[in-house]
Amino acid sequence: MTDFNKTRAMFDIPEGMIYLNGNSLGPMPKAAPDAINAFLHDEWKTELIKGWNTKGWWMQTNTLGDRVGRLIGAPEGTTVVSDTLSIKVFQAVSAGLALVPDRKVILSDNGNFPTDLYIAEGLIKLKDAGYELRIPDPEDVIDNITDEVAVVMVTEVDYRTGRKHDMSALIQKAHAVGAVVVWDLAHSCGAIPVDVTATDVDFAIGCTYKYVNGGPGAPAFIYVAPRLLDSVEPYLSGWYGHESPFAFDTDYRPMPGKIDRMRIGTPSIAAFSLLSAALDVWEDVDMNDLHQRSIELSELFIQEVEARCPGVTFVGPRDPMKRGSHVPFTFEHGYACMQALIANNVIGDFRAPNVMRFGITPLFINEEDIMKAVDTLADILTNETWKEERFQVRAKVT
Ligand SMILES: *Cc1c(COP(=O)(O)O)cnc(C)c1O
């Protein structure tokens, strides 16, 4: 059984704060300052250029990739970390289209996170060859998987509602009609059990600054199914993915048979030191235990809010097996109400038009936090604190 008191003690969360936003930006592991300091003093300062060899910087895309891979059921040598998730969307979808050259449809859904859709639009414009992006309602994705579709690009957990796609069903249907699947795990990796091997998905991508707790702007990851590693097309063909980077040839030859070909350019080694510290927290965590705790805490939160917070409506899936690890509520004055919560040290976030989102992250949240958060919300509603002028002003980042 995973010891969640132990994992909670591994985070440095400000005294008195109840942090229900680990789905957007994970909190700082206590080991992070020492990790970055060790990188600065024992690696960059002392080793300088030698660090690429002596400290293993060159291969950290892969060594850390393998550690992230363990959270999603990926075998060693199939996952690399670097860059941003937006870039990973481009890499995976462009490579997916190349595997099905006779088809012109990318299928996603209108609940997907906008950057995934924007990147697909940009790729379609760049290819200038009659490609089309289809975005039905999330429930209708499965029926839209036809033999016209080249790539099914779905984010498993909806960033607003928490609704979870049935990935096994989508992947099976896609493969049955000859389409490939790009599975975005932004709100899944570190939140719920994922098994890219058992589902035989083609590509999986995600970020490490949400549930994985790697820090703001932490590197993204890409997984490629082992059966594709020798043929997958790396259109972002940077020198870091070359078969022989230090030959400095003028022509690009992707690293044969290895995930290394999805590497692009020099990664942020400083960011890797923080990601490594974050991954240490995951060493003894069982994803099924984590999921069970997430469900217990979420159910408690939903039940208490519904009993004590009039006007606040749960808008996620009722069945916990159909949710990720965040819970959404609507309230007519959701933005102001969230600002009032934040002013009272209960941190969630707001997604337009009226959704208050709360991340339920068992690594560092317990029942006591949940009860205190609901007490605070109930007080804000009873006293109508949300009406205060200062809570009406919109910040740049919501
Ligand atoms: C958070 C998130 C992103 C963010 O992309 P970045 O390139 O890291 O800014 C992309 N897609 C999904 C589905 C997300 O949830």
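Read on for a plain summary of the structure. Remember, predicted model here, so these are calculated numbers, not experimental data.

1. Concerning the packing of aromatic side chains
Within the structure shown, the criterion is met by 19 aromatic pairs. For the ring pair Tyr19 and Phe364, a centre distance of 6.4 Å and an interplane angle of 35° mean the geometry is tilted. Here Phe364 lies in the loop between strand E13 (355-359) and helix H12 (367-382) and Tyr19 lies in strand E1 (residues 18-19), a separation of 345 residues in the sequence. Across this residue pair, the class does not change: Tyr19 and Phe364 are buried.

2. Describing the site of the ligand
The environment of the ligand is made up of Thr84, Leu85, Ser86, Phe113, Thr115, Asp116, Thr155, Asp184, Ala186, His187, Tyr209 and Lys210. At a separation of 2.7 Å, an oxygen atom of the ligand approaches a polar side-chain atom of Ser86. Within the contact set of the ligand, an oxygen atom lies 2.6 Å away from a side-chain nitrogen or oxygen of Tyr209. Its free accessible area being 390 Å², the ligand has 85% of it covered by the protein chains. At the level of elements, helix H5 (85-99) and helix H6 (114-127) are the ones that each hand at least two residues to the shell around the ligand.

3. Describing the sheet that holds strand E12 (residues 349-351)
Pairing is antiparallel across the open sheet formed by 4 strands, whose spatial order is E9-E10-E13-E12. Among the strands making up the open sheet, the edge pair consists of strand E9 (313-314) and E12. In this sheet, strand E10 (residues 326-330) lies alongside E9 in antiparallel orientation, the contact comprising 2 bridges. If you follow Thr313 over to E10, its bridge partner there is Thr330. Along the sheet, helix H10 (residues 287-308) makes contact with E9, E10 and E13, crossing E10 at roughly 15°.

Analysis parameters
- Residues numbered from 1 in each chain as written.
- Predicted model: local features only at pLDDT ≥ 70, side-chain atom pairs only at ≥ 80, totals over all residues.
- Heavy atoms only, no water.
- Phe/Tyr/Trp six-rings, centres within 6.5 Å; stacked < 30°, edge-to-face > 60°.
- Helix = DSSP H or I, 4+ residues; strand = E, 2+ residues; numbered from the N terminus.
- Buried < 20%, exposed > 50% of the residue type's maximum accessible area, 1.4 Å probe, protein only.
- Near = heavy atom within 4 Å.
- Polar contact = N/O pair within 3.5 Å; in protein donor to acceptor, adjacent residues only side chain to side chain.
- Areas by Shrake-Rupley, 256 points an atom, 1.4 Å probe, with all protein chains shown as cover.
- Pairing = 2+ DSSP bridges.
- Contact = heavy atoms within 4.5 Å.
- Axes fitted to C-alpha atoms, helices over the stretch in contact; angles between N-to-C directions.

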